[in-house]
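Below are the chains, spelled out letter by letter.
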Amino acid sequence: MLYYLYEYLTSHGIHVPGLGMLKYISFRAGMAVLLSLIIALVYGKRVINYLRTKQMGELVRDLGLDGQKQKEGTPTMGGLIIILATIIPVLLFTRITNVYIVLLLVSMFWMGAIGFLDDYLKKIKKKKTD
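Our subject in this report is the structure included herewith. Here the structure is a predicted model, which means the values were calculated and not measured.

Relative to the elements of secondary structure, D119 occurs in helix α4 (residues 99-129). Beyond its immediate chain neighbours, meaning those up to four positions away, D119 contacts T76 and M77.

Next comes the structure, spelled out in C-alpha coordinates:
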(Lines give C-alpha, C1' and ligand atoms only; values in the text may rest on other atoms or scores of the structure.)
Protein backbone atom coordinates (compact mmCIF):
# COMPACT_ATOMS: atom_id res chain seq x y z
CA MET A 1 0.00 0.00 0.00
CA LEU A 2 2.85 2.36 0.73
CA TYR A 3 4.27 1.66 -2.73
CA TYR A 4 0.98 2.69 -4.30
CA LEU A 5 0.88 5.79 -2.11
CA TYR A 6 4.32 6.70 -3.45
CA GLU A 7 3.17 6.16 -7.06
CA TYR A 8 0.01 8.20 -6.52
CA LEU A 9 1.83 11.13 -4.96
CA THR A 10 4.56 11.24 -7.60
CA SER A 11 2.02 11.00 -10.44
CA HIS A 12 0.27 14.08 -9.02
CA GLY A 13 3.53 16.00 -8.67
CA ILE A 14 3.70 15.83 -4.88
CA HIS A 15 7.21 15.24 -3.57
CA VAL A 16 7.66 13.92 -0.02
CA PRO A 17 11.30 13.69 1.10
CA GLY A 18 12.39 10.09 1.69
CA LEU A 19 9.34 8.54 0.08
CA GLY A 20 11.35 7.81 -3.06
CA MET A 21 13.02 4.95 -1.20
CA LEU A 22 9.83 2.94 -1.64
CA LYS A 23 10.57 2.37 -5.31
CA TYR A 24 13.55 0.15 -4.36
CA ILE A 25 12.65 -3.45 -3.62
CA SER A 26 15.63 -3.88 -1.29
CA PHE A 27 14.40 -1.03 0.94
CA ARG A 28 10.86 -2.41 1.00
CA ALA A 29 12.14 -5.92 1.81
CA GLY A 30 14.29 -4.61 4.65
CA MET A 31 11.45 -2.56 6.08
CA ALA A 32 9.11 -5.56 5.83
CA VAL A 33 11.59 -7.69 7.79
CA LEU A 34 11.99 -5.02 10.47
CA LEU A 35 8.24 -4.48 10.78
CA SER A 36 7.66 -8.22 10.98
CA LEU A 37 10.22 -8.52 13.77
CA ILE A 38 8.67 -5.61 15.67
CA ILE A 39 5.16 -7.07 15.35
CA ALA A 40 6.32 -10.48 16.57
CA LEU A 41 8.27 -9.05 19.50
CA VAL A 42 5.75 -6.46 20.66
CA TYR A 43 2.49 -8.28 20.12
CA GLY A 44 3.71 -11.87 20.45
CA LYS A 45 3.83 -11.86 24.24
CA ARG A 46 0.45 -10.12 24.44
CA VAL A 47 -1.18 -12.71 22.17
CA ILE A 48 0.35 -15.58 24.16
CA ASN A 49 -0.83 -14.10 27.46
CA TYR A 50 -4.31 -13.55 26.01
CA LEU A 51 -4.48 -17.15 24.82
CA ARG A 52 -3.36 -18.35 28.26
CA THR A 53 -6.12 -16.34 29.95
CA LYS A 54 -8.64 -17.95 27.60
CA GLN A 55 -7.18 -21.36 28.59
CA MET A 56 -6.19 -22.25 25.06
CA GLY A 57 -3.34 -24.43 26.38
CA GLU A 58 -1.98 -27.65 24.99
CA LEU A 59 -2.46 -30.95 26.83
CA VAL A 60 0.48 -33.36 26.76
CA ARG A 61 0.15 -37.13 26.97
CA ASP A 62 2.46 -38.87 29.42
CA LEU A 63 4.97 -40.74 27.26
CA GLY A 64 7.76 -40.84 29.85
CA LEU A 65 10.00 -38.44 27.92
CA ASP A 66 12.33 -35.96 29.57
CA GLY A 67 11.03 -32.40 29.52
CA GLN A 68 7.64 -33.18 28.05
CA LYS A 69 5.83 -31.54 30.94
CA GLN A 70 7.42 -28.21 29.97
CA LYS A 71 5.11 -28.11 26.96
CA GLU A 72 2.04 -28.41 29.19
CA GLY A 73 -0.04 -25.24 28.91
CA THR A 74 1.67 -23.97 25.75
CA PRO A 75 -1.03 -21.97 23.97
CA THR A 76 -2.48 -23.34 20.78
CA MET A 77 -3.26 -20.91 17.96
CA GLY A 78 0.17 -19.30 18.37
CA GLY A 79 0.47 -19.36 14.59
CA LEU A 80 -1.68 -16.26 14.69
CA ILE A 81 1.47 -14.31 15.62
CA ILE A 82 3.31 -15.65 12.57
CA ILE A 83 0.40 -14.92 10.26
CA LEU A 84 0.02 -11.34 11.50
CA ALA A 85 3.77 -10.72 11.41
CA THR A 86 3.78 -11.86 7.77
CA ILE A 87 0.55 -10.48 6.35
CA ILE A 88 0.80 -6.90 7.69
CA PRO A 89 4.26 -6.13 6.23
CA VAL A 90 3.33 -7.82 2.96
CA LEU A 91 0.24 -5.65 2.61
CA LEU A 92 2.19 -2.51 3.46
CA PHE A 93 5.39 -2.92 1.44
CA THR A 94 4.63 -4.99 -1.67
CA ARG A 95 2.97 -4.51 -5.00
CA ILE A 96 -0.22 -6.49 -4.51
CA THR A 97 -0.64 -7.05 -8.25
CA ASN A 98 2.37 -9.41 -8.31
CA VAL A 99 1.15 -12.98 -8.83
CA TYR A 100 3.61 -14.34 -6.25
CA ILE A 101 2.32 -11.96 -3.60
CA VAL A 102 -1.25 -13.04 -4.32
CA LEU A 103 -0.13 -16.68 -4.08
CA LEU A 104 1.57 -15.94 -0.75
CA LEU A 105 -1.53 -14.26 0.68
CA VAL A 106 -3.89 -17.01 -0.48
CA SER A 107 -1.65 -19.77 0.88
CA MET A 108 -1.13 -17.96 4.21
CA PHE A 109 -4.86 -17.50 4.71
CA TRP A 110 -5.57 -21.07 3.59
CA MET A 111 -2.95 -22.67 5.86
CA GLY A 112 -3.97 -20.36 8.70
CA ALA A 113 -7.58 -21.49 8.31
CA ILE A 114 -6.49 -25.14 8.40
CA GLY A 115 -4.39 -24.52 11.52
CA PHE A 116 -7.24 -22.65 13.20
CA LEU A 117 -9.67 -25.47 12.36
CA ASP A 118 -7.24 -28.06 13.75
CA ASP A 119 -6.78 -26.17 17.02
CA TYR A 120 -10.49 -25.45 17.29
CA LEU A 121 -11.41 -29.10 16.80
CA LYS A 122 -8.84 -30.10 19.44
CA LYS A 123 -10.45 -27.68 21.85
CA ILE A 124 -13.97 -28.97 21.10
CA LYS A 125 -12.83 -32.58 21.50
CA LYS A 126 -11.14 -31.72 24.81
CA LYS A 127 -14.34 -30.10 26.14
CA LYS A 128 -16.40 -33.17 25.23
CA THR A 129 -14.03 -35.47 27.14
CA ASP A 130 -14.06 -33.25 30.25
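Having seen it, we continue.
Further remarks concern helix α2 (residues 25-53). Note: α-helices contain 3.6 residues per turn, so residues at a spacing of three or four share the same orientation. Between its terminal C-alpha atoms α2 stretches 41 Å, which fits the 42 Å expected from 29 residues at 1.5 Å a residue. At Y43, α2 is bent by approximately 40°, the largest bend along its length. Against α1 (2-11) and α3 (79-93) lie the buried residues of α2.

Before going further, it helps to examine the packing of aromatic side chains. Throughout the structure, instances matching the rule amount to 2 aromatic pairs. Considering the side-chain rings of Y3 and Y4, the 5.7 Å spacing of their centres and the 75° angle between planes classify their relative orientation as edge-to-face.

What follows covers the environment of F27. Following the sequence through the fold, F27 ends up in helix α2. Residue class for F27 comes out partly exposed when judged on its relative accessible area of 27%. A sequence separation of 66 residues divides F27 from F93, and the C-alpha atoms of the two residues are 9.2 Å apart. F27 has contacts with M21 and L22, leaving out every residue within four places of it along the chain.

Let us now look at the packing of α2 against α3. Two elements in contact, α2 and α3, have axes whose closest approach is 8 Å; the angle formed by their N-to-C orientations is 150°. With respect to the hand of their crossing, α2 and α3 are arranged in right-handed fashion. Across the interface between the two elements, R28, M31, A32, L35, S36, I39, A40, G44, V47 and I48 from α2 touch L80, I81, L84, A85, I88, P89, L92 and F93 from α3.

What follows covers the side chain of R28. Checked against the element boundaries, R28 lands in helix α2. Among buried charged residues, R28 stands out as having no salt bridge; its nearest opposite-charge side chain is E7, 8.0 Å away. Apart from the residues within four sequence positions on either side, R28 is in contact with Y3, L22, K23, F93, T94 and R95.

We now examine α3. The end-to-end C-alpha distance of α3 is 22 Å, a good match for the 21 Å that 15 residues give at a rise of 1.5 Å each. The set of residues buried in α3 consists of I81, A85, I87, P89, V90 and F93.

Cut-offs applied
Residues numbered from 1 in each chain as written. Predicted model: local features only at pLDDT ≥ 70, side-chain atom pairs only at ≥ 80, totals over all residues. Heavy atoms only, no water. Helix = DSSP H or I, 4+ residues; strand = E, 2+ residues; numbered from the N terminus. Contact = heavy atoms within 4.5 Å. Expected span 1.5 Å × (residues − 1). Bend = angle between axes of the 7 residues up to and from the residue. Phe/Tyr/Trp six-rings, centres within 6.5 Å; stacked < 30°, edge-to-face > 60°. Buried < 20%, exposed > 50% of the residue type's maximum accessible area, 1.4 Å probe, protein only. Axes fitted to C-alpha atoms, helices over the stretch in contact; angles between N-to-C directions. Left-handed = near helix turned anticlockwise from the far one by under 90°. Lys, Arg positive; Asp, Glu negative; His and termini not counted. Salt bridge = Lys/Arg side-chain N within 4 Å of Asp/Glu carboxyl O.

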